[in-house]
Structures are given as structure tokens and as C-alpha cells.
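Given next are the chains, with one letter for each unit.
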Amino acid sequence: MTPPETPKDGSAAQGIRSPAVSVCVSDSLTHPLPRPQPDVIAKRRDFLAAARARRQGTKGMMVQGRKRHADDSVGDGIRMGFTCSKKVGNAVARNRAKRRLREVARMILPIHGRTGWDYVLIGRAGETADRPFDDLKNDLIYALKKIHGK
């Protein structure tokens, strides 16, 4: 089956809808200055170092944070890592939870995180994937305030 031809005058054909257009509102409306995005933690030793540091649990996630030492050669920016255990569910459920954590961190860490810090977000079984997105954002803001206040 071939798709219908587009009219020459630019109007939509009778009975055929035009393709949907997706528009994403960027953070530039709320934050006019571009903020650098955090780097991702990939090495096991960095996850283990964060596990020995400060932590704060919330209903939607566990957040671990540590200030890096001056002798670390990874730079001065914010770094983030994500993990979900098999308690969260099968691979589909774990990946969904990590995608939600990544998006929350992308939105919140450049604003509320501190440079020179590593943050690890750990998904919770039955909560991270099902919790409303605004509540996840508020959970991360709350956890960061507690971690930095200690």
C-alpha cells in the first residue's frame, strides 16, 4: 500500500490527518543560562566510594553523595550514577526505573547539585517506576538538601 499524495496547495487531503508534531518545552524557559550536564559514573570503585559516603533515603529512591578529593583526576564537575537491584523487578522494570532516575537527575542536579560531588541514585522496588514524576523530583531535592546539610 502506498501513502496518499500530499496536495500541491499545502492543504490537508480530505479525511487524512496531518502527521503529529512533537514539541518539547526546554528548560531554557525556566533557566535562561545553560547549565553543564553532569557526567556519568561508570567505574565500580566510584560506586563503592559513594556507598561509603553520605546517604539519604526517600520514598522513591535512595541517594548517595560524596565530595570528591582534590587528588581525584576526574575534574570538578558533577557526576551521577544509577543502579537498580533485581528486587526492583525484571530487566524491563529496572530499565524503566533507571530511565526515570536519569531524567530526574538531568533536571535537578545542575540546579541543586554541587560541583566536585558524586551522586548515586538507587531505585526502590515498586516505588521508583510507579511514583508520580513531580514527587520523584521533590524526593531528589529533599535528599540533596539533607546530604549537603550534614
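Up top you'll find the structure we're talking about.
What you see is a predicted model, and the numbers here were worked out from it, not measured in a lab. (Residues numbered from 1 in each chain as written. Predicted model: local features only at pLDDT ≥ 70, side-chain atom pairs only at ≥ 80, totals over all residues. Heavy atoms only, no water.)

Chemist: Describe the sheet that holds strand 5 (residues 117–123), with residues and values.
Modeler: Pairing within the open sheet is mixed, and its 5 strands lie in the order 1-4-5-3-2. The open sheet has two free edges, formed respectively by strand 1 (39–40) and strand 2 (54–57), since each of these has just one partner strand. Pairing of strand 1 with strand 4 (residues 79–83) involves 2 bridges; the strand directions are parallel. Paired with Val-40 across the bridge in strand 4 is Met-80. Contacts between helix 2 (residues 91–112) and the sheet are confined to strand 3 (61–67), strand 4 and strand 5, with strand 4 contributing the most and set at about 160° to the helix. (Pairing = 2+ DSSP bridges. Helix = DSSP H or I, 4+ residues; strand = E, 2+ residues; numbered from the N terminus. Contact = heavy atoms within 4.5 Å. Axes fitted to C-alpha atoms, helices over the stretch in contact; angles between N-to-C directions.)

Chemist: So, the pattern of salt bridges: which residues are in play, and what are the values?
Modeler: Applying the stated criterion to the full structure yields 8 salt bridges. Between Asp-139 and Arg-131 there is a salt bridge whose closest N-O contact spans 2.7 Å. One exposure class covers both Asp-139 and Arg-131, and it is buried. One continuous salt-bridge network, built from bridges that share partners, spans Arg-45, Asp-46, Arg-66, Arg-68, Arg-79 and Asp-118. (Salt bridge = Lys/Arg side-chain N within 4 Å of Asp/Glu carboxyl O. Buried < 20%, exposed > 50% of the residue type's maximum accessible area, 1.4 Å probe, protein only.)

Chemist: Outline the packing of aromatic side chains, listing residues and values.
Modeler: Per the stated rule, a full pass over the model turns up 1 aromatic pair. Where Trp-117 meets Tyr-119, the ring centres are 6.0 Å apart and the plane angle is 15°; that geometry is what we call stacked. Residue Trp-117 is classed as buried on the basis of its relative accessible area, which comes to 6%. (Phe/Tyr/Trp six-rings, centres within 6.5 Å; stacked < 30°, edge-to-face > 60°.)

Chemist: Residue-level account of the packing of helix 2 against helix 3 (residues 133–149), with values.
Modeler: Two packed helices can be described by the angle between their axes and the distance between those axes. The contact between helix 2 and helix 3 brings their axes to 10 Å, and the two run at 50°. In terms of orientation, helix 2 and helix 3 fall into the oblique class. The hand of the helix 2/helix 3 crossing is right-handed. Between helix 2 and helix 3, the residues in contact are Arg-100, Glu-103, Val-104, Ala-105, Met-107, Ile-108, Leu-109 and His-112 and Phe-133, Leu-136, Lys-137, Leu-140, Ile-141, Leu-144 and His-148, respectively. Along the lines of polarity and charge, the residues of the contact of helix 2 with helix 3 split into 10 nonpolar, 2 polar and 3 charged. (Parallel < 35°, antiparallel > 145°, perpendicular 65-115°, else oblique. Left-handed = near helix turned anticlockwise from the far one by under 90°. Nonpolar A, V, L, I, M, F, W, Y, C, P; charged D, E, K, R; others polar.)

Chemist: For helix 3, give the residues involved together with the corresponding values.
Modeler: The end-to-end C-alpha distance of helix 3 is 24 Å, a good match for the 24 Å that 17 residues give at a rise of 1.5 Å each. Packed against the buried residues of helix 3 are strand 2, strand 3, helix 2 and strand 5. (Expected span 1.5 Å × (residues − 1).)

Chemist: Can you break down the pairing of strand 3 residue by residue, with the values?
Modeler: Counted residue by residue, strand 3 has 5 buried out of 7 residues, so it is predominantly covered. Pairing of strand 2 with strand 3, which is carried by 4 bridges, proceeds in the antiparallel orientation. Within strand 3, the position partnered with Gln-56 by the bridge is Val-63. In textbook terms, the turn of a hairpin is the stretch between consecutive antiparallel strands, and for strand 2 and strand 3 this stretch comprises 3 residues. Bridge count between strand 3 and strand 5: 7 bridges; the pairing is antiparallel. Of the residues in strand 5, the one forming a bridge with Gly-65 is Tyr-119.

Chemist: Residues and numbers for the pairing of strand 4, please.
Modeler: For strand 4, the tally of buried residues reaches 4 of 5 residues, placing the bulk of the element in the interior. As judged from the 5 bridges shared by strand 4 and strand 5, these two strands associate in the parallel manner. Across the sheet, the residue bridging to Met-80 is Tyr-119, located in strand 5. Note on the crossover from strand 4 through helix 2 to strand 5: the handedness is left-handed. (Right-handed = clockwise from strand over helix to strand, strands pointing away.)

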